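Results of the structural survey
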Amino acid sequence: MSEKVSDHLLARLREWGVERVFGYPGDGINGLLAAWERAGDQPRFIQARHEEMAAFEAVGYAKFSGRLGVCAATSGPGAIHLLNGLYDAKLDHVPVLAIVGQTARSAMGGSYQQEVDLHTLFKDVASAFVETVTVPEQLPNVLDRAVRTAYARRAPTAVIVHADVQELDWSPPPHAFKMVPSSIDRSGWQAVPSEDSLERAAEILNAGQKVALLVGQGARGARQEVEQVAEVLGAGVAKALLGVDVLSDELPYVTGAIGLLGTRPSYELMRDCDTLLTIGSNFPYSQFLPEFGQARAVQIEIDPHFAGLRYPYEVNLIGDARATLLRLMPMLKRKDKRGWQSQVVSNVERWKEVMARRAAVSADPVNPEHVARALSPLLPDNAILTSDSGSVANWYARHIAMRGTMRGSLSGTLATMGCGVPYAIGAKFAHPERPVVALVGDGAMQMNGLAELVTIAKYRHQWEDPRLVVGVWNNHDLNQVTWEMRAMSGSPQFLPSQQLPDVDYAGFARSLGLHGVRVEKPDEVADAWREALAAKGPAVVEFVTDPAVPPIPPHADWSQIEATAASIVKGDTDRAAMVRQGIKAKIQEFLPGRGRKPGSGGDAAGRHGR
């Protein structure tokens, strides 16, 4: 049998080192599926339950492996379903390739079944590169450019192949007019800034007395260099959420995450510094950066299109984080006075005490902060964590301490629900030898996670380390939005929008042959995590948590929060008033310095928050 276009496409992916493709079948890619069978399932086809999940799994694989994530879908609805996962890749700067089928060429323009204008559909999400293969000779150049562009731009790209083209005999492009040759080599390279710009940056950093570092995912390959710079400059280091695994939280001057879900020490670091060095971060919320004019600032950014975008930086060093820091460090002068860094360390220690008190406050039935805090010391040093969006992201950002070679990520910029479990699946295929833990709210679990437990059950025996733990915060509420509504309007909860049906998540896991644990008491939390992490296969741990525990922002004005609590109390009587009183009491309980100390016992106040 002669080689088909589909055969050559898979062969080309193998040459690029692609080992897995996450997808879902459909007749628009039947030619590819037949080629997969002929190729002995190389690269391996990983079957998700939905094309959106396939895209998320490709994103998770790419985030945790540093390699290209690939997803595949049929024409029409399959292609449409990929969009959310691909937008997640675009906004978080992750290299992902989508391979998509299309209606046969002879039917195009005829309002045929599943005929969708895929170029228009993908022109924004795959703006870095999207192209349709219409003849065999076009394939290698299109596919190679898509792969190379995804890596170079750290972005999603798309290759569309008509169904009939997939089954044509393969014919390479000849050495002829209007033919485009191609190659697959991707030689390593590192961009570095000019000597003059490095000297100007060093002058600013050496002049500063209170230096703050902000690191993002672009600094992940420069851990040792970032530590050295922080030590030389006597700086504190805040981390963007996508970069929480850049530095260990065991370093005393690391203040944790920054932003609305971040820590008070990170807020204080930016509020009080006189110099800012941003490394590999495109953190978009400038209100959490120093006031304009307060601090002199330097940025290290590999992509010139994002240089100077978030703050009035005096010097934008365009280059790879590690390569740039190696050239910058010899120009930096060690600061003898350490009062600023000592203050940062003190702020971090105080915050840790506040977080311990918040996690120890009694709740009805389980404090959601206690669930995350109990997990943190139990995690293996090589664990990979994924977090979904929603209130669970607050607890991930504030209570999980990164250490060792731990990795962690979430949907940073798109902040989409439903990514936590498919991210974990992608991470498990990227590192089958490491334990993976997904932190998920019940809303996201109902949206996507339950179905992807089927995927976990399907592939569970193919992972060297069998541990894939899904922790579910079950509070029967779309909690993040509920608290946003309370902050905006003092509304306790709009039940038709916010209330979720109760689901037996642990029971569903057991029905699939997975380990399932349900927790309804605070003193069972730590043992449940231990049980799941010691299980001989994937596990779901369901924690019934209190939705009345507030995710208070790090920059909160406490008097303003108390005013919000008071406003919630105004209004209806009877049951509604009980709910409002409970929420008010709960907010006031969780104000830093005002909550009960660990071991101080329970309190009936706030028990009506549900």
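Just above sits the structure.
Just so you know, these numbers come straight off a predicted model, no measurement behind them. (Residues numbered from 1 in each chain as written. Predicted model: local features only at pLDDT ≥ 70, side-chain atom pairs only at ≥ 80, totals over all residues. Heavy atoms only, no water.)

1. A closer look at the pattern of salt bridges
Tallied over the entire structure, the rule returns 27 salt bridges. Arg 67 serves as the salt-bridge partner of Glu 19, at 3.5 Å between the closest nitrogen and oxygen. Residue Glu 19 is found in the loop between helix 1 (5-15) and strand 1 (20-23), and its partner Arg 67 is found in the loop between helix 3 (51-65) and strand 3 (69-73); the two are separated by 48 residues along the sequence. For Arg 518, the salt bridge identified is with Glu 542, shortest N-O distance 2.5 Å. Note that Arg 518 is positioned in strand 17 (residues 515-519) and Glu 542 in strand 18 (residues 539-544), a separation of 24 residues in sequence. The partly exposed category is assigned to Arg 518, whose relative accessible area is 34%. A residue is classified by how much of its surface remains accessible, and Glu 542, at 0% relative accessible area, is buried. One network of salt bridges, with partners in common, ties together Arg 12, Glu 15 and Asp 144. (Salt bridge = Lys/Arg side-chain N within 4 Å of Asp/Glu carboxyl O. Helix = DSSP H or I, 4+ residues; strand = E, 2+ residues; numbered from the N terminus. Buried < 20%, exposed > 50% of the residue type's maximum accessible area, 1.4 Å probe, protein only.)

2. Structural notes on the state of the cysteines
Cysteine pairs can be linked by a disulfide, which is a covalent bond between their two sulfur atoms. Tallied over the entire structure, the rule returns zero disulfides. No disulfide involves Cys 71; its sulfur sits 15 Å from that of Cys 419, the nearest cysteine. (Disulfide = S-S within 2.5 Å.)

3. Observations regarding helix 16 (residues 420-430)
With eleven of eleven residues buried, helix 16 is to be regarded as a mostly interior element. By the burial criterion, the buried members of helix 16 are Gly 420, Val 421, Pro 422, Tyr 423, Ala 424, Ile 425, Gly 426, Ala 427, Lys 428, Phe 429 and Ala 430.

4. Thoughts on the pairing of strand 6 (residues 156-162)
Buried residues dominate strand 6, accounting for seven of its seven residues. Residues of strand 6 alternate between two faces, with Pro 156, Ala 158, Ile 160 and His 162 on one and Thr 157, Val 159 and Val 161 on the opposite face, all of them buried. Examined bridge by bridge, strand 4 (residues 96-102) and strand 6 share seven bridges and lie parallel to one another. Residue pairing for strand 6: Gly 101 is matched across the bridge by Val 161. Examined bridge by bridge, strand 5 (residues 130-133) and strand 6 share four bridges and lie parallel to one another. For Val 130, the partnering residue across the bridge sits in strand 6 and is Ala 158. In this view, the connection linking strand 5 to its parallel neighbour strand 6 by way of helix 7 (residues 139-153) has right-handed handedness. (Pairing = 2+ DSSP bridges. Right-handed = clockwise from strand over helix to strand, strands pointing away.)

Purely spatial values, then, with no claim about function.
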